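# Tertiary structure, described
Each chain, written out:
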Amino acid sequence: MILGLAGNQNCGKTTLFNQLTGSNQHVGNFPGVTVERKDGVVRGHRDVTVVDLPGIYSLSPYSSEEIVTRDFLLSGRPDAIINIVDATNIERNLYLSLQLIELDLPMVIALNMMDEVRANGGTIRIAEFQKEIGVPVVPISASRNEGIAELVETVLETASAKRRPKRQDFCSGAVHRTVHSLAHLVEDHAQRIHVPPRFAATKLVEGDGPMLEALRLSENEKDMVRHDVTEMERELGTDREAALADMRYSFIEALCSRTVVKPAESKEHRRSVKLDGVLTDKYLAIPIFLGVMMLVFWLTFGVIGNFLSDLLSGGITAVTDAADGALRAYGTNPVVRSLVIDGVFAGVGSVLQFLPTIVVLFFFLSILEDTGYMARVAFVMDKLLRRIGLSGRSFVPMLIGFGCSVPAIMATRTLSSERDRKMTILLTPFMSCSAKLPIYAVFTAAFFREKAAFVMILLYVMGILAGIGSGFLMRGTVFRGNPVPFVMELPNYRIPSPKSVLLLIWDKARGFLVRAFTVIFAATIVIWFLQTFDTRFNVVSSGSESMLAIVGRFFAPLFAPLGFGDWRSSTALITGFTAKEAVISTLAVLTGTDVSGLPAALSRLFTPLTAFTFLTFTLLYTPCVAAVNAVRHEMNSVKSAVGVVLYQCGFAWIVAFLVYQIGRLIVG
Amino acid sequence: MGPVDFVILALVAALLFFAVRHAVRHRGDSCRGDCSRCPYHGNCGKRTKK
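Keep in mind that what you see is a predicted model, and the values were worked out from it rather than measured.

In terms of helices and strands, chain B carries one helix and zero strands. Burial status across chain B gives 14% buried among its 50 residues.

Here it is in structure tokens:
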């Protein structure tokens, strides 16, 4: 027996799935798409499998998730549907329920989060609700494992008896007449493709292209469909989609008024509504967001993060000096001493000093996330993102990209349409990741100390503008078309949880430290080796005679037009492909300095203008190999990954060239 | 080069070996990004059948 578990996002579907199946789960993909599919065997019923379908809001064919769910329910014909409904947001959840009922499959509604409804003083008259909607209804609380046994019993009984919904007709008036007329018209066609005639009729009224194509109506029949729908629109004075939505919501409203005793609106909700009046205001929302981000950056780079990084840098310098002293005292070989001090300590230390900066930045970002503010920002950004052909849903992966491009690229799986997903993957690397922070911090400390926070903000804004520019370009070329409609939950504002903030900071710090002592450590050793020995493995007296210099000089002419044609800067950029932090550790090793001496060493390699050009190039050029691999994996294409690298390097070179040349004109 | 030099070289070589081994072994694991919003949160490091 196969059961399909369907419902909106964030209604507790995964929690229910886990309660039903325990650890008997199998994760895969729906064929042909990157939408994840989870199957599980129901505990205590070895012959019953439940399929966790993607969270959706309707059965329209806009997104991969909706198409996949619809195809599964129509073609797969599960023995029953478990429709999980969030009882605290019952009106919105029931919109999908009515469409599922039209599929004419045995179905049970699981009313979830009933514990919260009761705690807020509300209740639902289950027997009356069940009678009106025509399918069995079971109240549950998935998180507390309440009602699950009863749900399983009801579903199995409904599926075994093949008990179809007792009613499917929720409409009246013009919509009712049109749907019935079309259901009769397309009955034979619908039965041929094993689709319930009423479901096919409502989809035709909605203007569902794939359904129209699948039914293979004659031209005459298509004309009749057009005529009936036009008449309905004229009679109601509204378009077809609004007419159907009105019909469904009218039924839902009437049903809820008779059977749902609403809880008193919580004070958290009232507070959230008041705050949203300001924070999502048409004119104030974006200035407020920019102000908040500027404050975060100022506190991170101008005050707290800087102070703590300087402290740590002092500590690392002290440890390095102590190690150097000890090695000299033991009379160690100069090359071995150089490996330890100029290689390991200088390279890894130059990156480690930025741990506090990264931790402080993510401390503030996680507070903003935990309060619920970032969900509002995604909503506010929707209008802006639509101008470049994306929806507000793309904002979340892009925001993650400010941390690391890899999870950001993976997070695009939550996007509705394949077009939006690919475009977001290509634009996300423009969001400057936290691995580049050490580069920005060292250069701003060396060249723009008084205006460090301003330069940081400028770089992030440039990255965003570069993403927007690329978005416009892509929208007019490879990604023509419009983004899908955007629906999202706005949780109540709340005090951030100290535990989740601390967990995030710990996770970030641990990841940074692991990376520093693995990837950066290995890259540092390799760089030290290549710059200490020549091609005959003799120790060189000057780095410019080393193996690394030969490689660096090969690429250096590429960067001469950008103002930093020195082989050391080009070599550093190349090592940045392994991990962006490696740019700093490479520069430290190649300039023969330690943590504290790096800013002074850089001022011998760069001028303020060429330093800013270098930063511009670093901001925009290829992401690290891990991010490129994530692109390859998510786009399922090596060509796409190579394309991303070439596009970003080319884009970075052009912008850096313009910055340098225009800067020369201004500065002289 | 004295015994201390060889000890130091051996130590660095061992650390390098373990660093590379860790990076290679865990290359498919957590990207050490922001897990809280990641759709794969809780599944990193698990090898699942396709």
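Right, picking up where we left off after that structure.
Attention shifts here to the overall build of chain A. Summing up its helical and strand segments, chain A has 30 helices and nine strands in all. Every one of the 668 residues in chain A was classed for burial, and the buried ones make up 47%. Taking the contacts inside chain A whose residues are at least 6 apart along the sequence as the reference set, 71% of them involve residues at least 24 apart.

What follows is about the nonpolar core. Residue and element names in this part refer to chain A. Residues Phe 443 and Ile 520 are the most contacted members of the largest nonpolar core, which totals 113 residues. With twelve residues, the single largest contributor to this core is helix α23 (residues 498-532). Excluding residues within four positions of it along the chain, Phe 443 makes contact with Leu 602, Ala 611, Phe 614 and Leu 615. Ranked by size, the runner-up nonpolar core spans 73 residues in total, among them Ala 159, Phe 199, Ala 200 and Val 229.

This part is about the packing of helix α15 (residues 334-352) of chain A against α23 of chain A. When two helices pack together, their arrangement is given by the angle between their axes and by how far apart the axes lie. Residues and elements named next belong to chain A. Relative to each other, α15 and α23 sit at 135°, their axes nearing to 9 Å. The orientation of α15 with respect to α23, classified from their angle, is oblique. The element α15 and its partner α23 pack so that their crossing is right-handed. Residues Val 335, Ser 338, Leu 339, Asp 342, Gly 343, Val 344, Gly 347, Val 348, Val 351 and Leu 352 of α15 touch α23, and the partners they reach there are Ala 516, Phe 517, Ile 520, Phe 521, Thr 524, Ile 525, Ile 527, Trp 528 and Thr 532. Classifying every residue of the contact of α15 with α23 gives 13 nonpolar, five polar and one charged.

Moving on to the packing of helix α21 (residues 437-447) of chain A against helix α28 (residues 608-620) of chain A. All names here are of chain A. For the pair α21 and α28, interaxial distance at closest approach is 10 Å and the crossing angle is 170°. In terms of axis orientation, α21 runs roughly antiparallel to α28. Residues Ile 439, Tyr 440, Phe 443, Ala 446 and Phe 447 of α21 touch α28, and the partners they reach there are Pro 608, Ala 611, Phe 614, Leu 615 and Thr 618.

Turning next to helix α6 (residues 148-160) of chain A. Residues and elements named next belong to chain A. With 13 residues, α6 should reach 18 Å at 1.5 Å per residue; the first-to-last C-alpha distance of 18 Å fits that figure. Where α6 is buried, its residues touch β1 (2-7), β5 (80-86), β6 (107-112) and β8 (137-139). Phi for Lys 162, located one or two positions after α6, is positive at around 50°.

Residues and elements named next belong to chain A. Burial analysis of β5 places seven of its seven residues in the buried class, which makes it a mostly covered element. Here β5 shows a buried face lined by Ala 80, Ile 82, Ile 84 and Asp 86 and a second buried face lined by Ile 81, Asn 83 and Val 85. With five bridges joining them, β1 and β5 adopt parallel strand pairing. Paired with Gly 4 across the strands is Ile 81, a residue of β5. Of the pairings in the sheet, the one linking β5 to β6 comprises six bridges and is parallel in character. The residue bridging Ile 84 from the neighbouring strand is Ala 110, located in β6.

Looking now at the confidence of the model for chain B. Residues and elements named next belong to chain B. Averaged over every residue, the pLDDT of chain B is 68; the share at 70 or more is 52%. Across residues 30-34, where pLDDT falls below 50, the model places 19 contacts with residues more than four positions away in sequence or in other chains. Interface scoring of the predicted complex returns ipTM 0.76; its pTM is 0.63.

What follows covers the environment of Trp 298 of chain A. All names here are of chain A. Along the chain, Trp 298 turns up in helix α14 (residues 285-329). Spatially, the C-alpha atom of Trp 298 lies 8.6 Å from that of Ile 457, the residues being 159 residues apart in sequence. With near-sequence residues (within four places) excluded, Trp 298 lies in contact with Val 303 and Ala 453.

Moving on: α21 of chain A. Burial analysis of α21 of chain A places nine of its eleven residues in the buried class, which makes it a mostly covered element. Looking at α21 of chain A, one finds that the buried residues are Leu 437, Pro 438, Ile 439, Tyr 440, Ala 441, Val 442, Phe 443, Thr 444 and Phe 447 of chain A.

The subject of this paragraph is the pairing of β6 of chain A. Residues and elements named next belong to chain A. A large share of β6 lies buried, amounting to six of its six residues. Taking every second residue as pointing to the same face, both faces of β6 are buried, with Met 107, Ile 109 and Leu 111 on one and Val 108, Ala 110 and Asn 112 on the other. In terms of handedness, the path from β5 via helix α3 (residues 90-101) over to β6 forms a crossover that is right-handed. Both β6 and β8 contribute to a ladder of three bridges, which runs parallel. By the bridge assignment, Leu 111 is partnered in β8 with Pro 139.

Trans peptide bonds make up most of the peptide bonds, and negative phi angles are found at most residues other than glycine. All names here are of chain A. A positive phi angle is found at Lys 162, which is not glycine, with a value near 50°. The backbone phi angle of Asn 636 is positive, close to 55°, even though this residue is not glycine. Within the fold, Asn 636 resides in the loop between α29 (625-635) and α30 (638-667).

Attention now goes to the environment of Phe 289 of chain A. All names here are of chain A. Along the chain, the position of Phe 289 falls in helix α14. Here the alpha-carbon distance between Phe 289 and Tyr 373, two residues 84 residues apart in the chain, equals 9.4 Å. Excluding anything up to four places from it in sequence, Phe 289 contacts Val 377 and Val 380.

A few words now on the confidence of the model for chain A. Per-residue pLDDT for chain A has a mean of 85; in total, 95% of the residues score no lower than 70. Of all the helices and strands in chain A, strand β2 (residues 25-29) of chain A carries the lowest mean pLDDT, 60, while β8 of chain A carries the highest, 96.

What counts and how
- Residues numbered from 1 in each chain as written.
- Chains lettered and ligands numbered in written order.
- Predicted model: local features only at pLDDT ≥ 70, side-chain atom pairs only at ≥ 80, totals over all residues.
- Helix = DSSP H or I, 4+ residues; strand = E, 2+ residues; numbered from the N terminus.
- Buried ≥ 20, exposed ≤ 12 C-beta atoms within 10 Å, placed from the backbone.
- Contact = placed C-beta atoms within 7 Å.
- Core = buried A, V, L, I, M, F, W, Y, C linked by C-beta atoms within 7 Å.
- Axes fitted to C-alpha atoms, helices over the stretch in contact; angles between N-to-C directions.
- Parallel < 35°, antiparallel > 145°, perpendicular 65-115°, else oblique.
- Left-handed = near helix turned anticlockwise from the far one by under 90°.
- Nonpolar A, V, L, I, M, F, W, Y, C, P; charged D, E, K, R; others polar.
- Expected span 1.5 Å × (residues − 1).
- Pairing = 2+ DSSP bridges.
- pLDDT = per-residue confidence, 0-100.
- Right-handed = clockwise from strand over helix to strand, strands pointing away.

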